[in-house]
Amino acid sequence: MVPQQTGSRKRKAPAAEAGAGSSASRGLAAAAATPEYGEGLLLPKKQKRPAARRSLLRYLKGREVGARGCAGPQGFEGELRAYAVHKLPALLTERELALGTLNKVFASQWLNARQVVCGTKCNTLFVVDVHSSHITRIPLLRDRAPVLARDQPSCGIHAIELNPSKTLLATGGENPNSLAVYQLPTLDPVCLGDRLGHKDWIFAIAWMSDTVVVSGSRDGTVALWRVDPDMCHGSIAWHNDVGLPVYAHIHPKDIETIPRASTSPTNRKVRALAFSGKNEELGAVSLDGYFHLWKARSTLCRLLSVRLPYCRENVCLTYCDELSLYAVGSQSHVSFLDPRQRQQNVRPLCSREGGTGVRSLSFYEHIITIGTGHGSLLFYDIRAQKFLEERASASPGSSPGPRGRKLKLTSGRGWLNHDDLWVNYFGGVDEFPNALYTHCYNWPEMKLFVAGGPLPSGLHGNYAGLWS
């Protein structure tokens, strides 16, 4: 369509058609604008498209009636999610949950909108209803052969992980050296990895697919297990005498040993695992201060081992798919690693929590949540490379809060057992900060479950809270 004449009688250049973006047409436009051509040719004005009406109300109404052209996940939903991730932490308030006399919650995962499954130092697997605080204990799976280590004090359950389809749950067994798998949502036992597997406690678990799971142990090994789908489809038999389910006893398909470091050859305990589905790679941290990476398919093939910048108490690890970045929590820092970059572009951050350590980490979008050994939650924006800050007071009569103050959520008191050890060794101190050993988000419900217990190993206590 030829643009309408608007007052000039000079001859217009013919409107470009299919080749409007070609180099010839760009050269013509440039020549028309040069001084040597005098006033030059008058090119047709670019027609403006009507401005898109972008409002939350219009978007929600359009989504409700199924309007075409309504902004999808790449539009408003993506923007709202990013906005919520950034703003939610400052809006969270705590409601403590009573866990009785259980000792130190080490692991947790949401099962549904109101139930969280947890594992403790006292080797208890239970489900807590966050609405009523009702606790249901789950029986642990027992090894087929007698366990000589049963007389030793148990380390408890350090890891609980759900497979991608949330149909299976992997955790520790009655013997903490064994890998137990349960079916969801019923929590019926499926199988127990107690044959030719780990010789020491399992500290970490990561699913590679719906049927392949990896475990990391204090014995310095990483084991790959495959769960037969037939175990999960009605093939579970039942004892005729006591009515308890029979579960399969399996062995690992592959097992890899952490390489010995010259600096600490005896301390290669695997402490945490994280899997990258996009790259098919498994990351691990060991207590000798190293990060290890394997290509993870049907077997494990080690790619590299690098020394971490901060080597004390590396106890947690998480991975961000969007940024292809691993985050490692140590005694006072969080270090970031991109295995494909020789020079790391994201500088480590210091938690500044008195050396009590980073005890739990999680990534969502570009925000990393940090649970510390001093009972606080911190939130770090990896893109801006700074901590989230407290929001200023919005009430008319109050003065605005200090700018640049780091947002920190502090956990409640929890429960502490006032036993002889507490009286004799800790001087009867009535309150200890709770180490936040585990946290997990329920993003559809905008809720955060946090749990842990007193940091000193000899103290007996627990903490659990729902932040919403």
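Here is what the cut-offs are and how they apply
- Residues numbered from 1 in each chain as written.
- Predicted model: local features only at pLDDT ≥ 70, side-chain atom pairs only at ≥ 80, totals over all residues.
- Heavy atoms only, no water.
- Helix = DSSP H or I, 4+ residues; strand = E, 2+ residues; numbered from the N terminus.
- Buried < 20%, exposed > 50% of the residue type's maximum accessible area, 1.4 Å probe, protein only.
- Contact = heavy atoms within 4.5 Å.
- Areas by Shrake-Rupley, 256 points an atom, 1.4 Å probe, with all protein chains shown as cover.
- Salt bridge = Lys/Arg side-chain N within 4 Å of Asp/Glu carboxyl O.
- Polar contact = N/O pair within 3.5 Å; in protein donor to acceptor, adjacent residues only side chain to side chain.
- Pairing = 2+ DSSP bridges.
- Axes fitted to C-alpha atoms, helices over the stretch in contact; angles between N-to-C directions.
- Core = buried A, V, L, I, M, F, W, Y, C linked by side-chain atoms within 4.5 Å.

The next point concerns the overall build of the protein chain. Helices and strands together make up the secondary structure of the protein chain, namely 4 helices and 31 strands. Out of the 468 residues in the protein chain, the part that is buried amounts to 46%. Sequence-distant contacts, at least 24 apart, represent 52% of the contacts inside the protein chain between residues at least 6 apart. Accessible surface for the protein chain amounts to roughly 25100 Å². Of this, 51% is attributable to carbon and sulfur atoms.

Side-chain pairs of opposite charge can arise where the charged atoms are in close proximity. Summed over all chains, the structure comprises 8 salt bridges. Notably, a salt bridge pairs E281 with R340, separated by 2.7 Å at the nearest N-O pair. One end of the pair, E281, is in strand 16 (residues 281-286); the other, R340, is in the loop between strand 21 (333-337) and strand 22 (349-350), with 59 residues separating them in the sequence.

A few words now on the side chain of D129. Assignment of secondary structure puts D129 in strand 4 (residues 125-129). A residue is classified by how much of its surface remains accessible, and D129, at 12% relative accessible area, is buried. For D129, the side chain forms a polar contact with the main-chain nitrogen of H131, separated by 2.8 Å. At 3.3 Å, the side chain of D129 and the backbone nitrogen of S132 are in polar contact. When sequence neighbours within four positions are dropped, the list of residues in contact with D129 reads R114 and H134.

Counting buried positions along strand 9 (residues 188-193) yields 5 of 6 residues, so the element is predominantly enclosed. Here strand 8 (residues 179-183) runs beside strand 9; their pairing, made up of 5 bridges, is antiparallel. Paired with A180 across the strands is L192, a residue of strand 9. Turn length for the strand 8-strand 9 hairpin, with the two strands adjacent in sequence and antiparallel, is 4 residues, and the turn residue L187 shows positive phi of about 60°. Note that strand 9 and strand 13 (residues 248-250) share 3 bridges and pair parallel. If you follow L192 over to strand 13, its bridge partner there is H249.

Now for unusual backbone geometry. Following L184, the chain continues to P185 via a peptide bond in cis, the omega torsion being 10°. Inspection of the secondary structure puts P185 in the loop between strand 8 and strand 9. In this structure, M446 is a non-glycine residue whose phi angle is positive, near 55°. When its relative accessible area of 34% is taken as the criterion, M446 is described as partly exposed.

Let's shift gears to the sheet that holds strand 6 (residues 160-162). Strand order across the open sheet formed by 5 strands is 6-7-8-9-13, with mixed pairing between neighbours. A strand with exactly one partner marks an edge of an open sheet, and here the two such strands are strand 6 and strand 13. The average angle at which neighbouring strand axes cross in this sheet is 25°, direction not considered.

In a soluble, globular protein the nonpolar side chains are often hidden away together inside. Core analysis: the largest hydrophobic core is formed by 18 residues, its most contacted members being V334, F336, L361, I368, I370 and Y380. Elements represented by at least two residues in this core include exactly strand 19 (316-320), strand 20 (325-329), strand 21, strand 23 (358-364), strand 24 (367-372) and strand 25 (376-381). If you tally residues by element for this core, the top one is strand 23, at 3 residues. Membership of the second largest hydrophobic core comes to 17 residues, among which are V190, I205, W225 and I250.

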